[in-house]
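A structural walkthrough
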Amino acid sequence: MMSSGYDVTHSILSTVNMVGWPVALLAVLGIHLLWHERTAQNWYWLTCAVGCASTSIVFPLVLVAHVPAYMFPFVISILVLAACAIGVIYELLCQRSPWLGAIWVGLACMGTLPSVASHYKDGSRPDIRTAANFVKSNWKPGDQVCSFSVGLFGQYAKECVPAIPLSQSPSAAVRELQEVANGTTRVWIVVQSSRGGLEEPIRRWLGTHCSHEAKLLRKRYDYAEYAVDVYLYSPAATHDGNADSAN
């Protein structure tokens, strides 16, 4: 059964993005070097690499709710392969000049600098805390809140109840939002997304029925994005979905 959020291609690319493209490319070179000198230790790490690649293919096929974070324990083999490539090139350069070897190691370590700097800038996660504080500051008696991350939201805004979880499946999430919108109370909808944005059915429904209250997104230096959008469904209000649907 295919994952609701990631197919095989997305799973493989997300694993590569997790370690960074410079590390992934060095790992490819590491595979060649370890295969050329097939020691027992090299066989071990080559086997681990095959396991990592196989897992990134199999997981989205057998896990309904597969997410890239599941691959975290397996990517250590990619790091080891990249380190082997860096070490071999370092030794070759040092035969000509120790300075060349040192410069190479420095450049190799800087390959993921944009991602590292971005991580310390925004934490590499959606800012649910600020979204919860925003909802809490505008909360009125009788309000409700919906979110993909109800448990995390509740840690920062325990007084914002009832809290209704949303399914990761876009079609199921839209059905749940429609059920909540049949009521007579205001509903705060807190949804996070990556660089690709919200799934089209969810984005269209929110743009048509809700007002867009806040977008929390910190600037990063790499390709990743961790956006959190706050919408408000108000039964008494008339919303123009055209403007919001473009967000």
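Keep in mind the model is a prediction, meaning the values are calculated, not measured.

1. Comments concerning the side chain of Ser147
Its location among the elements puts Ser147 in strand β1 (residues 144-147). Judged by relative accessible area, Ser147 falls into the buried class, the value being 1%. Side-chain polar atoms of Ser147 contact the backbone nitrogen of Ser149, separated by 3.0 Å. In this structure the side chain of Ser147 is engaged in a polar contact, spanning 3.1 Å, whose partner is the backbone oxygen of Val190. Non-local contacts of Ser147, meaning those with residues more than four positions away in its chain, are made with Ile164, Pro165, Leu166, Val190 and Gln192.

2. Side note on a nonpolar patch on the surface
Together, Ile12, Ile57, Val58, Leu61, Val62, Leu63, Val67 and Tyr70 make up a nonpolar patch on the protein surface, roughly 600 Å² of accessible area in all. For the nonpolar patch, the element with the most residues is helix α3 (residues 40-62), which contributes four residues. Relative to the helices and strands, Val58 resides in helix α3. We classify Val58 as partly exposed; its relative accessible area is 41%.

3. Regarding unusual backbone geometry
For the peptide bond that leads from Val161 to Pro162, omega is 0°, which places it in the cis range. Mapping Pro162 onto the fold places it in the loop between α8 (150-156) and β2 (163-165). Although it is not a glycine, Ser124 adopts a positive phi angle of roughly 55°. Counting through the fold element by element, Ser124 comes out in the loop between α6 (113-122) and α7 (128-137).

4. Things to note about helix α9 (residues 170-181)
One full turn of an α-helix is made of 3.6 residues, so residues set three or four places apart face in the same direction. Relative to the 16 Å expected for 12 residues at 1.5 Å per residue, α9 spans 16 Å between its end C-alpha atoms, a close match to the ideal helical length. The set of residues buried in α9 consists of Pro170, Ala172, Ala173, Val174, Leu177, Val180 and Ala181. Along its buried surface, α9 packs onto β1, β2, β3 (187-193), α10 (200-209) and β5 (227-233).

5. Observations concerning the nonpolar core
Formed by 21 residues in total, the largest nonpolar core has its most connected members in Val19, Leu26 and Ile78. Here this core takes six residues from helix α4 (residues 76-94), the largest share from any one element. Not counting residues within four places of it along the chain, the set of residues in contact with Val19 comprises Ala24, Val75, Ile78, Leu79 and Thr112. One finds Val174, Val180, Ile189 and Leu206 within the second-largest nonpolar core, a separate group that totals 18 residues.

6. What about the confidence of the model for the protein?
Confidence in the prediction for the protein averages 85 pLDDT; 93% of positions are at 70 or higher. Low pLDDT (under 50) marks residues 238-247, which in the prediction has 20 contacts with non-local residues, meaning those over four places away or in another chain.

Criteria and thresholds
- Residues numbered from 1 in each chain as written.
- Predicted model: local features only at pLDDT ≥ 70, side-chain atom pairs only at ≥ 80, totals over all residues.
- Heavy atoms only, no water.
- Helix = DSSP H or I, 4+ residues; strand = E, 2+ residues; numbered from the N terminus.
- Buried < 20%, exposed > 50% of the residue type's maximum accessible area, 1.4 Å probe, protein only.
- Polar contact = N/O pair within 3.5 Å; in protein donor to acceptor, adjacent residues only side chain to side chain.
- Contact = heavy atoms within 4.5 Å.
- Patch = residues over 30% accessible without salt bridge, like charges linked within 9 Å, V, L, I, M, F, W, Y side chains within 5 Å.
- Areas by Shrake-Rupley, 256 points an atom, 1.4 Å probe, with all protein chains shown as cover.
- Salt bridge = Lys/Arg side-chain N within 4 Å of Asp/Glu carboxyl O.
- Expected span 1.5 Å × (residues − 1).
- Core = buried A, V, L, I, M, F, W, Y, C linked by side-chain atoms within 4.5 Å.
- pLDDT = per-residue confidence, 0-100.

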